Amino acid sequence: MLKPLLIAWLFTVSTGYISAMYFMADMLQTSKSNAQQEHRARLDPTADETGRTGVDARALDGIDHSEQISVETGIYVDRIPRLSMPDTNWTVDFYLWFRWSDREISPGQNFHVIDGEILKKELKTRYDDSVTRYELYRVTARISKFFNVARFPRDDHLLALRIEDAQNQIGKMIFVPDVSGSAVSSRVKIPGYEIYDSTIVQKPHSYKTRRGDPRLAEGYQATYSQLVYGIAIKEPGWALYIKMFLGTFASVAICLLSFLIGPAHTGPRFSVSIGAFFAAIASTYVVSRLIPKTGTVGLTDFVTGASLVTIFLAVLTSTMTLKIGEVTGGAPLQRRFDIAALLVFLIGYISLNIVIAQAASI
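A brief structural summary. (Residues numbered from 1 in each chain as written. Predicted model: local features only at pLDDT ≥ 70, side-chain atom pairs only at ≥ 80, totals over all residues. Heavy atoms only, no water.)

## Looking at the overall build of the chain
- When helices and strands are tallied, the chain shows 7 helices and 10 strands.
- Relative to the globule expectation of 21 Å for 362 residues, the C-alpha radius of gyration of the chain, 29 Å, shows a markedly less compact shape.
- Dimensions of the chain along its principal axes, counting C-alpha atoms only, are 100 × 40 × 35 Å.
- Contacts in the chain between residues at least 24 apart in sequence constitute 78% of all its contacts with a sequence separation of at least 6. (Helix = DSSP H or I, 4+ residues; strand = E, 2+ residues; numbered from the N terminus. Rg over C-alpha atoms; globule rule 2.2 N^0.38 Å. Contact = heavy atoms within 4.5 Å.)

## Things to note about the packing of aromatic side chains
- Taken as a whole and assessed by the stated rule, the structure comprises 13 aromatic pairs.
- For the ring pair Phe245 and Phe249, a centre distance of 6.0 Å and an interplane angle of 40° mean the geometry is tilted. Placement of both Phe245 and Phe249 in helix H4 (residues 239–257) is noted, with a separation of 4 residues, approximately one turn of the helix.
- The exposure class of Phe249 is partly exposed, given its relative accessible area of 24%.
- Pairwise contacts between aromatic rings join Trp238, Tyr241, Phe245, Phe249 and Tyr349 into one cluster.
- Here the basic side chain of Lys121 rests over the ring of Tyr137, its NZ or CZ set 5.4 Å away from the ring centre.
- Sitting above the plane of the Trp238 ring, Arg154 keeps its charged end 3.8 Å from the centroid. (Phe/Tyr/Trp six-rings, centres within 6.5 Å; stacked < 30°, edge-to-face > 60°. Buried < 20%, exposed > 50% of the residue type's maximum accessible area, 1.4 Å probe, protein only. Lys NZ or Arg CZ within 6 Å of the ring centre and 35° of its normal.)

## Regarding unusual backbone geometry
- In this chain, Phe152 is followed by Pro153 through a cis amide linkage whose omega measures 10°.
- Structurally, Pro153 can be placed in the loop between strand E5 (133–144) and strand E6 (156–165).
- In the Ramachandran plot, Thr88 falls in the positive-phi region, its phi being about 50° despite a non-glycine side chain.
- With respect to the secondary-structure elements, Thr88 resides in the loop between strand E1 (69–84) and strand E2 (89–100).
- For Asp115, which is not glycine, the phi dihedral falls at a positive 60°.
- Within the element layout of this structure, Asp115 appears in the loop between strand E3 (111–113) and strand E4 (116–128).
- The exposure class of Asp115 is partly exposed, given its relative accessible area of 37%.

## Some details on the nonpolar core
- By size, the foremost hydrophobic cluster in this structure holds 74 residues, and its most contacted members are Ile75, Val77, Ile80, Val92, Phe94 and Ile163.
- When residues in this core are grouped by element, the largest group, 12 residues, is from helix H7 (residues 332–360).
- Once residues within four sequence positions are removed from consideration, Val92 is found in contact with Val77, Arg79, Ile80, Pro81, Val139, Thr140, Ala141, Ile143 and Leu161.
- Ranked by size, the runner-up nonpolar core spans 6 residues in total, among them Leu158, Ala160, Val201 and Ala232. (Core = buried A, V, L, I, M, F, W, Y, C linked by side-chain atoms within 4.5 Å.)

Rendered as structure tokens:
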């Protein structure tokens, strides 16, 4: 009667690992898919972005393109000196240039950075003849970004640098991206990430307010031309992942080693497991400082949660081993149960972590 109960327990643990594996992997893959869709929408001139005001089609249909002033604009990113997830912002140093012909507008004087603030703005070059006007600025800006940390530290992000003219709406002025001239300097390095793509586009951007102007109709939406330079970054390898969870993995490994300690040595067996449990909790606090406070449940929660549950179940299984000795009065069944439990926990825990890490990676 005892053997079927022990087999059922190990089968339950195995099933739990498999169920958790599918559940966590599905959540991470869904989060990855949603993030990639958002990134594509952000760089699609015709797509509305999630959580942002959709562009009023009437504002675009009523544009007289013969009266619309085109401003060829490009961006060259020279430095990204700071990227902070806990502070939800990043700082960028870049060159911004405008090339146009109409003298009614001054894009260099009126541009601003969306979702951020300009820390420094310096006119480097100005050129003006009877046909072409050209201005080159060096700009330092700090930009707010709420990072999706559900897949951290196997995540990827799109750093979007958005430029708008504060005075002229899209009916009067439109940015034309200088695709060939825009780039990211090869000197740009972001600790913990690598840049794998960059794209510059122009897309209309609407504001769902008339800003109290009594001359405008109720429900009026001001629509501006917005230049968007997207810089795609991702985790370059597994170094950060291993560094973050090395203490947690070590705690679980030490706990599982308790199955190799004979049931007769009750004190050392349980003290090792309990010490491993508190060490895993301490590692959790270290990991939590690397990401902003958020209600999102993600990869870091899955790894630490699975580790703590594994240690708890291992302690519970060790308790069952002691009860086997009390019931049977012999060690052979205890030893076989310990070896079987060690294999189940080891295979289940390693498989779970491999699957969810791969599910979170691009």
